[in-house]
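Spelled out from the first residue to the last, the chains are:
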Amino acid sequence: MNRGLVIQLIATGIFYGTPMAIAALGELLAERSGVLNLGVEGMMLMGAVVAFWVSRDVSGPNGLVLIIAVLAGAAAAAAVSLIHAFMTITLRANQVVSGLALTIFAGATGLSSYVGDLANLGGNPGRHIMNAINVFGLKDVPILGPIIFNQPALVYISWVIAFAIYWYVNKTRQGLHLRAVGENPEAADAMGVSVTRYRYAHVLIGGALAGVGGSFYTLVISSEWTDGITSGAGWIALALVILAFWRPAGVIAGAYLFGVVSALGANLSARGVQLPPEVFSALPYVLTIAVLAIVSSGWGRGRFGAPAALGVPYARDGG
Amino acid sequence: MSAILPAIPIRLEKRTERTPSWVQAATPVGAFLFAFVIVTVILLAGGHNPLQSYNAMLQASVTSTSAISQTLVSATPLLLTGLAAAVAFRMGIWNIGGEGQLYIGAICASGVALAIGAHGIGLALPAMILAAMVGGALWAAIPGLLRAYLNANEILTSLMLNYTAGLLLDWLINDSNSYWRDTSGASAYLVAHGKTIPGAANWPAIGGGNFSVPFGFLVGLVLAALLFVLVRHTWLGYQLRVTADNPGVGRYAGMASKRNFVIVMLLSGAIAAIAGASQVGDFTHILDPTGLQSPQYGYTGIVVAALGRYNPLAVVISALLLGAITNAGINVQSATFPQSLTGVIEGIILFCVLGSEIFSRYRVRVGAEKATVAA
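Fair warning: this is a prediction, and the values are worked out from it, not measured in the lab. (Residues numbered from 1 in each chain as written. Chains lettered and ligands numbered in written order. Predicted model: local features only at pLDDT ≥ 70, side-chain atom pairs only at ≥ 80, totals over all residues. Heavy atoms only, no water.)

Further remarks concern the overall build of chain B. Summing up its helical and strand segments, chain B has 16 helices and 5 strands in all. Here the C-alpha radius of gyration of chain B, 22 Å, is about what a compact globule of 375 residues would show, namely 21 Å. In terms of principal-axis extent, the alpha carbons of chain B reach across some 80 × 60 × 35 Å. Within chain B, the fraction of its 375 residues that count as buried is 55%. Long-range contacts, defined as pairs at least 24 residues apart, comprise 73% of the intrachain contacts of chain B with a sequence gap of at least 6. Of the roughly 15,500 Å² that chain B leaves accessible, carbon and sulfur atoms contribute 66%. The averaged location of the 13 negative side-chain charges in chain B is 14 Å from the averaged location of its 18 positive side-chain charges. (Helix = DSSP H or I, 4+ residues; strand = E, 2+ residues; numbered from the N terminus. Rg over C-alpha atoms; globule rule 2.2 N^0.38 Å. Buried < 20%, exposed > 50% of the residue type's maximum accessible area, 1.4 Å probe, protein only. Contact = heavy atoms within 4.5 Å. Areas by Shrake-Rupley, 256 points an atom, 1.4 Å probe, with all protein chains shown as cover. Lys, Arg positive; Asp, Glu negative; His and termini not counted. Charge placed at Lys NZ, Arg CZ, Asp CG, Glu CD.)

As structure tokens, then:
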């Protein structure tokens, strides 16, 4: 492997890892509050279809339309995440089943596809696309130029989001409350923190971020809408949260690893390396299982484990 | 004690007594009616005539013997994956790896059929089912053992294994010269596809004329009955229910919860794998990566199980219902009933049923002190 290939791999890894990273950051917030949302794939698709719809039908300056499109995608995904929040927080339904129902409801043969049909989005190219930004004119700087100074705006926004979440969770009073709600809701409740309100808020923000991640597919990667365009990225986002031990920096790193590894397969076979691309594609999943097994047992559990109340509905009477 | 719902003056009171039987019966019916109303609203909002859409759906799935046969085709994999999910979820074990276990079942069954299928159905059919069950059980053993002995969350590990199994499936057909892939002639390389299993290994359909019942559906019916007996009337089932409902009590009574956990995972994986074997034996007669992956039978099976409230006999009914909806989506595919509605309808039904369960667990009181029970 030469240097050019490595640089290209990292740059594409960051590019393709970004939508998964943004969605996973949202899921991280929901899970930190104790709500597992397996509906990420469905929420991303809602974000993707609505963002594309807006970018096709709203006219105006490119930048403004793209901002509106991303926000509309976020709002649509947040709206469907509200169903999950209502089911699991208010009605105390099983989070696994409700999340799966959300993916079926909104997913590739569900509402996102229905919206695409109704608005006649299939087969039409979009009119606005988010191009790479030549940041500070540094894109031609060796090595770092193509990797970090020549990416679309959402890549930079994802770094801001990751840092903001890190700051929020670890350094603010609300973040402390959030962790309490996810680890020990009874104690949080006794402290006067509204478990219900915190969980609703974080599931909704999680949904909005999944929508932003989804919009990356129809505004940046492709300028078309096809049913199920995210092709499983939402499920990978779920894996990322675990792989990252529920920490934002880990989510970003993990997402880029997924991105690089999936780009690696195609690049190597193009260069005549005789290893099936499926082996590379499977690597992150197998790695996640291995990491999960290691951190769940014994030494890692307290430090790196899942929020203690993840998946458990909260009711004062013990549910 | 009561919890205040946001904005609405509703209080939930935990039921201390047994849930009245009329509530248990009325809840799913009410949920379905509610779902029906929402779907109608969505159809109207989308500019469809709901009557036409429902009519198209019924014609495609219910109103003739051939339509019912089509529904059974869609219901067969859902029944099997639904039972697989039901047996695990009932025991509080969140096996969402039915999808991957189904792929493994299809791989094992088609492998066996290619090897010995020519010797006749009497040998091939049991061998295919057995091979699938062993493969699926072993695949499910991975998350089972990881959970039992290393405490790794089985939701997440079984989910990851679904992707791994899907990639294995892709590799066997698309990127290798494996035993499963058709490598005879140039056209086989142009579009990668699997070898067709010998005709003698095609599973028999029962029926006559326009009406036929896939063999896999019958297997599902027998399994549903067996599972019902297992859960309700055997020592193992009793242990499992006790452990599921109260792990502490189970442990105190000397029940081996880790071993039981693994047993349930093996059983669930084996049943999901039969769905894969049935896809090959009953319908496609070939190992088809796309055909197995795109319908997401494994995930939909969880919906089926939840609709049937994890009761094996009720799962038969919910599999038929979702089979009918799925089939309508596949076979109508027109302006009156776009395929995208299948997910919307399935999702809404599930949400309504799931949400309605609260009525059997809680008394719902509206207003501050008024004692009205809504159901």
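Glancing now at the overall build of chain A. Helices and strands together make up the secondary structure of chain A, namely 14 helices and 2 strands. Since a compact globule built from 319 residues should have a radius of gyration of about 20 Å, the 20 Å found for chain A is in line with a globular shape. For chain A, buried positions account for 59% of its 319 residues. Partitioning the intrachain contacts of chain A with sequence separation of at least 6 by distance along the chain shows that 77% fall at a separation of at least 24. Computed over 16 positive and 13 negative side-chain charges, the inter-centroid distance for chain A is 12 Å.

Let us now look at the pattern of salt bridges. Counting across every chain of the model gives 2 salt bridges over all chains. Taking the shortest distance from any N to any O, the salt bridge between Asp 57 of chain A and Arg 56 of chain A comes out at 2.7 Å. Overall, the relative accessible area of 16% leaves Arg 56 of chain A in the buried class. Two residues, Arg 147 of chain B and Glu 154 of chain B, come together in a salt bridge whose shortest N-O distance is 2.6 Å. Looking at Arg 147 of chain B, the relative accessible area reads 29%, which means it is partly exposed. (Salt bridge = Lys/Arg side-chain N within 4 Å of Asp/Glu carboxyl O.)

Right, let's get into the environment of Leu 66 of chain A. Residue and element names in this part refer to chain A. In this fold, Leu 66 is placed in helix 3 (residues 62-90). Remark: the alpha-carbon pair of Leu 66 and His 128, spanning 62 residues in sequence, is separated by 6.9 Å. Leave out the neighbours within four places in its chain, and Leu 66 touches His 128, Ile 129, Met 130 and Leu 219.

All names here are of chain B. Their axes nearest at 9 Å, the elements helix 1 (residues 21-45) and helix 2 (residues 50-61) cross at an angle of 115°. For the pair helix 1 and helix 2, contact is made by Phe 36, Val 39, Thr 40, Leu 43 and Leu 44 and by Pro 50, Ser 53 and Tyr 54, respectively. Taken together, the residues of the contact of helix 1 with helix 2 sort by class into 6 nonpolar, 2 polar and no charged. (Axes fitted to C-alpha atoms, helices over the stretch in contact; angles between N-to-C directions. Nonpolar A, V, L, I, M, F, W, Y, C, P; charged D, E, K, R; others polar.)

An α-helical turn contains 3.6 residues, so any two residues separated by three or four positions project in the same direction. Taking 1.5 Å of rise per residue, the 18 residues of helix 2 (residues 40-57) of chain A would be expected to cover 26 Å, and the 26 Å separating its terminal C-alpha atoms lies within 8% of that figure. In terms of residue burial, helix 2 of chain A counts as a mostly covered element, since 16 of its 18 residues are buried. (Expected span 1.5 Å × (residues − 1).)

Attention shifts here to the domain arrangement of chain B. Residue and element names in this part refer to chain B. Taken domain by domain, chain B holds domain 1 (1-48 + 335-375) and domain 2 (67-324). One C-alpha centre belongs to domain 1, the other to domain 2; they are set 31 Å apart. Both sides of the domain 1 and domain 2 interface together cover about 730 Å² of buried area, and 70% of this is carbon and sulfur. Of all residues in domain 1, Glu 346, Leu 350 and Glu 357 give up the largest surface area on contact with domain 2, accounting jointly for 54% of the area buried on that side. Across the contact surface, domain 1 and domain 2 share 0 salt bridges. The tally of links between domain 1 and domain 2 comes to 0 residue pairs in polar contact (both at pLDDT 80 or more). For the side of domain 1 that touches domain 2, the element with the highest residue contribution is helix 15 (residues 340-356), accounting for 4 residues. The class makeup of the residues in the side of domain 1 that touches domain 2 is 4 nonpolar, 2 polar and 2 charged. (Domains from an automatic or database assignment. Buried area = accessible area lost by both parts, 1.4 Å probe. Polar contact = N/O pair within 3.5 Å; in protein donor to acceptor, adjacent residues only side chain to side chain.)

All names here are of chain B. Put simply, chain B has an average pLDDT of 86, and 91% of its residues get 70 or more. Contacts for the low-pLDDT stretch residues 1-5, under 50 throughout, to residues beyond four places or in other chains number 14 contacts. In this model residues 370-375 is a low-confidence stretch, pLDDT under 50, and it forms 12 contacts with partners more than four residues away in sequence or in other chains. (pLDDT = per-residue confidence, 0-100.)

What follows concerns the interface of chain B and chain A. Contacts between chain B and chain A engage 54 residues on the former and 48 residues on the latter. In this assembly, chain B and chain A are joined by 0 salt bridges. On inspection of chain B and its partner chain A, the count reaches 4 residue pairs in polar contact (both at pLDDT 80 or more). Every element with two or more residues in the side of chain B that touches chain A is listed here: strand 2 (10-14), helix 1, helix 5 (121-150), helix 6 (154-174), helix 13 (297-307), helix 15 and helix 16 (358-361) of chain B. Looking at the side of chain B that touches chain A residue by residue, the classes come out as 35 nonpolar, 14 polar and 5 charged.

Looking now at the nonpolar core. Core analysis: the biggest nonpolar cluster contains 209 residues, and Leu 38 and Phe 105 of chain A together with Ile 96, Met 128 and Leu 287 of chain B have the highest contact counts within it. It is helix 3 (residues 65-90) of chain B that contributes the most residues to this core, 12 residues altogether. Structurally, this core is a two-domain feature, drawing no fewer than three residues from each of domain 1 (1-48 + 335-375) and domain 2 (67-324) of chain B. Every residue in contact with Leu 287 of chain B, bar those within four places of it in the chain, is listed here: Ala 106, Ile 107, Ser 110, Leu 169, Leu 172, Ile 173, Trp 180, Gly 194, Lys 195 and Leu 292 of chain B. Among the nonpolar cores identified, the runner-up in size contains 7 residues, and Leu 9, Ala 263, Leu 264 and Phe 280 of chain A belong to it. (Core = buried A, V, L, I, M, F, W, Y, C linked by side-chain atoms within 4.5 Å.)

As a further point, take the environment of Ala 239 of chain A. When you line up the elements, Ala 239 of chain A lands in helix 11 (residues 233-243). Here Ala 239 of chain A falls in the buried class, since its relative accessible area comes to 0%. Residues Ala 239 of chain A and Val 251 of chain A, spaced 12 residues apart in sequence, show a C-alpha to C-alpha distance of 9.6 Å. Not counting residues within four places of it along the chain, the set of residues in contact with Ala 239 of chain A comprises Thr 288 of chain A together with Met 160 of chain B.

Another aspect to go through is the packing of aromatic side chains. Taken as a whole and assessed by the stated rule, the structure comprises 15 aromatic pairs over all chains. When the centroid spacing of 5.8 Å and the interplanar angle of 45° are considered together, the rings of Phe 89 of chain B and Tyr 310 of chain B count as tilted. With a gap of 221 residues between them, Phe 89 of chain B in helix 3 and Tyr 310 of chain B in the loop between helix 13 and helix 14 (312-332) connect regions that are remote in the sequence. Note on accessibility: Phe 89 of chain B and Tyr 310 of chain B belong to one class, buried. Through a chain of ring-to-ring contacts, the aromatic side chains of Phe 15, Tyr 16 and Phe 216 of chain A assemble into a single cluster. (Phe/Tyr/Trp six-rings, centres within 6.5 Å; stacked < 30°, edge-to-face > 60°.)

In this model, Trp 246 of chain A sits at a positive phi of 60°, which is unusual for a non-glycine residue. Topologically, Trp 246 of chain A is positioned in the loop between helix 11 and helix 12 (248-270). Unusually for a residue other than glycine, His 285 of chain B sits at a positive phi of about 60°. Looking at the element boundaries, His 285 of chain B is found in the loop between helix 11 (257-284) and helix 12 (289-293). The exposure class assigned to His 285 of chain B is buried, which follows from its relative accessible area of 18%.

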